[in-house]
Amino acid sequence: MDSREFRNAMGRFATGVTVITTNDGTDAHGMTANAFMSISLEPKLITISIDNHANMLKKIKASGQYAVNFLSDQQQDISMNFAGQKKKEGGVDFGSIQGVPVIKESLASVVCDVDQEIVVGDHTLFIGSVKDVKVTDGNPLTFYCGKYGDYRQKEYA
Ligand code: FAD
Ligand code: NAD
């Protein structure tokens, strides 16, 4: 099986879109990601999966902390900015929770300390111990078959 066929299959799993944020000591850094999972309630743990060649990898290793920001359907421009697809006009205005940069007006920002770092193939999993969350109302940005979309809730009679 070639990589395109694998990605075409994986792309049929519809996801939300997040931006992972951290601080490298001087500046905030962000990266768009959909490889996110909530993994444990007690203790509260999540995971993200970062390409071993991504700049974000060394920044999280250096800071030991990160936030995962769930984007709303009003924030496709922010997703494109942090995926290196299209620069957002006017730049990005970061907030801060417990010293970790976050994306303002996200549906939720989940702030973590790195608990474990596991190299798996060409990616690294960063298991995060959750230390704070912030939640805002809105509708999610979605990603399906390589395309952004929005979410429509079906009403059942
Ligand atoms: P860079 O390429 O250095 O940064 C990414 C972009 O963010 C650049 O354009 C940069 O200018 C901008 N940026 C960074 N910090 C700031 C700042 N402070 N202010 C303004 N702009 C800034 N890759 C994964 O490894 N795992 C995933 O789960 C994953 N999921 C993805 C899901 C989707 C829907 C998409 C579109 C891409 C996904 N990617 C994922 C790919 C990843 O987003 C890109 O490869 C990304 O460019 C890699 O980021 P980087 O850390 O190497 O940083
Ligand atoms: P795509 O068709 O490349 O992605 C479809 C799905 O394939 C993704 O949702 C993901 O599940 C999987 N995938 C893609 N690249 C992967 C990788 N390097 N490692 C593990 N899984 C991967 O969609 P697209 O619109 O072409 O994506 C835009 C860019 O974002 C591409 O360069 C893609 O490689 C990258 N991306 C990377 C990941 C990742 O986990 N590293 C996830 C999504 C997208």
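Predicted model only: the values in this text are computed from it and were never measured.

What counts and how
What you see as residue numbers is a count from 1 along each chain, following the sequence as written. Chain labels run from A onward and ligand labels from 1 onward, assigned in the order the entries are written. Whole-chain, interface and lining totals are the exception, using all residues; otherwise, since this is a predicted model, local features are given only for residues with pLDDT of at least 70 and side-chain atom pairs are given and counted only at 80 or more. Side-chain metrics in this entry use all non-hydrogen atoms of the structure; hydrogen atoms and water are not considered. Per the convention used, a helix needs a DSSP run of H or I reaching at least four residues, while a strand needs a run of E reaching at least two, with both numbered from the N terminus. Classification of residues uses two cut-offs on accessible area relative to the type maximum, computed with a 1.4 Å probe and protein chains only: under 20% is buried, over 50% is exposed, and between them is partly exposed. By definition, residues are in contact when any of their heavy atoms lie within 4.5 Å. Throughout, near means a residue has at least one heavy atom within 4 Å of the molecule or strand. Side-chain atoms alone can form a polar contact between residues adjacent in sequence; in general such a contact is a pair of N or O atoms within 3.5 Å, and within protein one must be able to donate a hydrogen while the other accepts it. Under the scheme applied here, ten amino acids are nonpolar (Ala, Val, Leu, Ile, Met, Phe, Trp, Tyr, Cys and Pro), four are charged (Asp, Glu, Lys and Arg), and all others, including Gly, are polar. Patch definition: residues with relative accessible area over 30% and no salt bridge; like charges joined within 9 Å; nonpolar side chains (Val, Leu, Ile, Met, Phe, Trp, Tyr) joined within 5 Å. For every accessible area listed, the method is Shrake-Rupley and the probe measures 1.4 Å; residues are considered covered only by the protein chains on display. The working definition used for a salt bridge is a side-chain nitrogen of Lys or Arg within 4 Å of a carboxyl oxygen of Asp or Glu. Strand pairing is assigned whenever DSSP identifies at least 2 bridges connecting the two strands.

A. Here's a closer look at the environment of Ser-72. With respect to the element layout, Ser-72 can be found in the loop between strand S6 (65-70) and helix H3 (76-82). By relative accessible area, which is 7% here, Ser-72 ends up buried. Among all residues touching Ser-72, those that are not within four sequence positions of it are Glu-105, Leu-107, Asn-139, Pro-140 and Leu-141.

B. Representation of the site of ligand 1. The environment of ligand 1 is made up of 24 residues, and the closest members are Thr-32, Asp-51, Asn-55, Met-56 and Lys-87. Here Asn-34 contributes a backbone N or O atom positioned 3.0 Å from a nitrogen atom of ligand 1. One of the backbone N or O atoms of Ala-83 is found 3.5 Å from an oxygen atom in ligand 1. The biggest single contributor to the shell around ligand 1 is strand S3 (residues 28-33), with 6 residues. Residues of the shell around ligand 1, tallied by class, amount to 12 nonpolar, 10 polar and 2 charged.

C. Structural detail: a nonpolar patch on the surface. A grouping of Met-1, Phe-6 and Met-10 is seen on the molecular surface, where their side chains present a nonpolar patch of about 390 Å² in accessible area. Following the sequence through the fold, Met-1 ends up in the segment before helix H1 (3-10). Note on Met-1: relative accessible area 79%, which makes it exposed.

D. Structural context of the sheet that holds strand S12 (residues 147-150). In spatial order, the strands read S1-S11-S12; together these 3 strands make up an open sheet with antiparallel pairing. Each edge of the open sheet is held by one strand with a lone partner, namely strand S1 (15-16) and S12.

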